[in-house]
Amino acid sequence: MTLDALLAEHAELEARLADPSVHADQAGARKLGKRYAELTPVVKTARELAQARSDLETARELAAEDAVFAEEAEQLARTVPALESKLTELLLPRDPHDGSDVVLEIKSGEGGEESALFAGDLLRMYLRYAERHGWKAEVLDGTDSDLGGYKDVTVAIKSRADTPDGVWSRLKYEGGVHRVQRVPVTESQGRIHTSAAGVLVFPEVDEVEVEIDENDLRVDVFRSSGKGGQSVNTTDSAVRITHLPTGIVVSCQNERSQLQNKARAMQVLQARLTALAEEKQQQEASDARRTQIRTVDRSERVRTYNFPESRISDHRVGYKAHNLDQVLDGDLDAVLDALASADRAERLAAG
């Protein structure tokens, strides 16, 4: 879409949002507001650039007659290219899910009980990161390990505000295999072991994007269980949904009723099927947009957490830092900024 078309769309959205009747449909108004917020930085930068170009032309004309304006012209000559670069970056195609909330899954892998403990560490890291950003995090389901870790756990992370850059824009880079190097609590000889856990991230969808046939579902109900396997509910309120064509299994046991658990599990299933459909589409189309789903191979090791050296390394962009304790306490912004910057540079290079 051209810049002129985006400017026209922004003006149209502004007019529509000023109409009180539009807000009778809250979902529709929220969607319009989110798009308006996406376009506002583009419009603001385009206006600043137009003004700077006009000022530069005027300053150069005046500098020919009065040397006082020469310095202003030089400053504006530096400002215009900077604004041009910023506008070019803003005009790059956006990931349509950037404003979305996410469903995040962590699964223990190689390493047995140590891997499950590491999965628990990763869960705490993401929960603390969500807390730092004022997001709401809710553990939907999990399978505990004997020593207090997780064999697998699913968490929904939601922003408390509708913004162009939501949870997905930050956590979409987390998909992949995370490796840990440390002395396990089960190791009596003090030897360093390597184990791993897998992280999957899916954008939550607001509307039905993939049609689900009820005949393709097997729904099982069971009693909710707490940490260590003890029963915390005397009724069969927990729900497990199996999507037969794909084999995807989703369960939820944290809501109060069976209906609520089923609705939440269906929402997670919807997100996973949408991600699967997008992945298939992107694999078939060589010119499809780049997204996290396509660029991050989930079987690939993406990050290493080295405890003896207090080092975190992201292998995709060569990022290294020796602040492992802070990272595991939710201070993830530096590594996520590096990933976002590399992604942005690659998209700029691709035109």
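Just so you know, these numbers come straight off a predicted model, no measurement behind them. (Residues numbered from 1 in each chain as written. Predicted model: local features only at pLDDT ≥ 70, side-chain atom pairs only at ≥ 80, totals over all residues. Heavy atoms only, no water.)

K.L.:
Residues and numbers for the pattern of salt bridges, please.
P.N.:
For side chains of opposite charge, pairing can occur when their charged atoms come near one another. Taken as a whole and judged by the stated rule, the model has 26 salt bridges. A salt bridge links Glu89 to Arg344, with the shortest nitrogen-to-oxygen separation between them at 3.0 Å. Taken together, the residues span a long stretch of sequence, with Glu89 in helix H3 (residues 68-90) and Arg344 in helix H9 (residues 333-350) at a distance of 255 residues. In this structure Glu89 comes out as partly exposed when scored by relative accessible area, which is 33%. Salt-bridge contacts for Glu204 lead to Lys158; the nearest nitrogen and oxygen are separated by 2.8 Å. On the criterion of sequence distance, the pair formed by Glu204 in the loop between strand S5 (193-203) and strand S6 (217-222) and Lys158 in strand S3 (residues 150-158) is long-range, its members being 46 residues apart. The exposure class assigned to Lys158 is partly exposed, which follows from its relative accessible area of 24%. (Salt bridge = Lys/Arg side-chain N within 4 Å of Asp/Glu carboxyl O. Helix = DSSP H or I, 4+ residues; strand = E, 2+ residues; numbered from the N terminus. Buried < 20%, exposed > 50% of the residue type's maximum accessible area, 1.4 Å probe, protein only.)

K.L.:
Tell me about the sheet that holds strand S11 (residues 319-321), residues and numbers included.
P.N.:
Sheet architecture is open: eight strands sit in the order S2-S3-S1-S5-S4-S9-S10-S11, paired in mixed fashion. Pairing within the sheet leaves two strands with one partner each, and these edge strands are strand S2 (136-144) and S11. Shown here is a sheet whose adjacent strand axes are inclined to one another by a mean of 15 degrees, direction ignored. Examined bridge by bridge, strand S1 (residues 102-108) and S5 share seven bridges and lie antiparallel to one another. Residue Leu104 lies in a different strand from S5, and its bridge partner there is Val201. (Pairing = 2+ DSSP bridges. Axes fitted to C-alpha atoms, helices over the stretch in contact; angles between N-to-C directions.)

K.L.:
An account of the pairing of S2 is requested, with residue identities and associated values reported.
P.N.:
Across eight bridges, S2 lies against S3 in antiparallel orientation. The residue bridging Asp144 from the neighbouring strand is Tyr150, located in S3. Hairpin connection between S2 and S3: a loop of five residues separates the two successive antiparallel strands, and Gly148 in this loop has a positive phi of roughly 100 degrees.

K.L.:
With reference to specific residues and values, describe helix H2 (residues 26-63).
P.N.:
With 38 residues, H2 extends 54 Å from end C-alpha to end C-alpha; this agrees with the ideal 56 Å at 1.5 Å per step. Most pronounced at Leu39, the bend in H2 amounts to some 30 degrees, and the proline Pro41 follows within four residues. (Expected span 1.5 Å × (residues − 1). Bend = angle between axes of the 7 residues up to and from the residue.)

K.L.:
Can you lay out the nonpolar core for me, pointing to particular residues and giving the numbers?
P.N.:
In this structure, Ile106, Leu122, Tyr126, Leu171 and Tyr305 are the most contacted members of the largest nonpolar core, which totals 36 residues. Secondary-structure elements contributing two or more residues to this core are S1, helix H4 (113-132), S3, helix H5 (167-171), S5, S11, helix H8 (324-328) and H9. At eight residues, the largest contribution of residues to this core is made by H4. Beyond its immediate chain neighbours, meaning those up to four positions away, Leu122 contacts Ile106, His178, Ala197, Val199 and Tyr305. If you look at the next biggest cluster of nonpolar residues, it comprises 17 residues, including Leu13, Val42, Leu56 and Leu76. (Core = buried A, V, L, I, M, F, W, Y, C linked by side-chain atoms within 4.5 Å. Contact = heavy atoms within 4.5 Å.)

K.L.:
Give me a negative patch on the surface: which residues, what numbers.
P.N.:
A cluster of acidic residues, Glu57, Glu61, Glu65 and Asp66, forms a negative patch on the protein surface. Locating Glu65 in the fold gives a position in the loop between H2 and H3. (Patch = residues over 30% accessible without salt bridge, like charges linked within 9 Å, V, L, I, M, F, W, Y side chains within 5 Å. Areas by Shrake-Rupley, 256 points an atom, 1.4 Å probe, with all protein chains shown as cover. Lys, Arg positive; Asp, Glu negative; His and termini not counted. Charge placed at Lys NZ, Arg CZ, Asp CG, Glu CD.)

K.L.:
I'd love a proper account of unusual backbone geometry, names of residues and values included.
P.N.:
Phi is positive for Ser310, close to 50 degrees, though the residue is something other than glycine. Looking at the element boundaries, Ser310 is found in the loop between strand S9 (301-306) and strand S10 (311-314). Under the relative-accessibility criterion, Ser310 is labelled partly exposed at 26%.

K.L.:
Residue-level account of the confidence of the model for the chain, with values.
P.N.:
With 89% of its residues at a pLDDT of at least 70, the chain reaches an overall mean of 85. Contacts for the low-pLDDT stretch residues 227-233, under 50 throughout, to residues beyond four places or in other chains number 14 contacts. Every residue in residues 285-299 is under pLDDT 50, and counting partners more than four places away or in other chains gives 39 contacts. (pLDDT = per-residue confidence, 0-100.)

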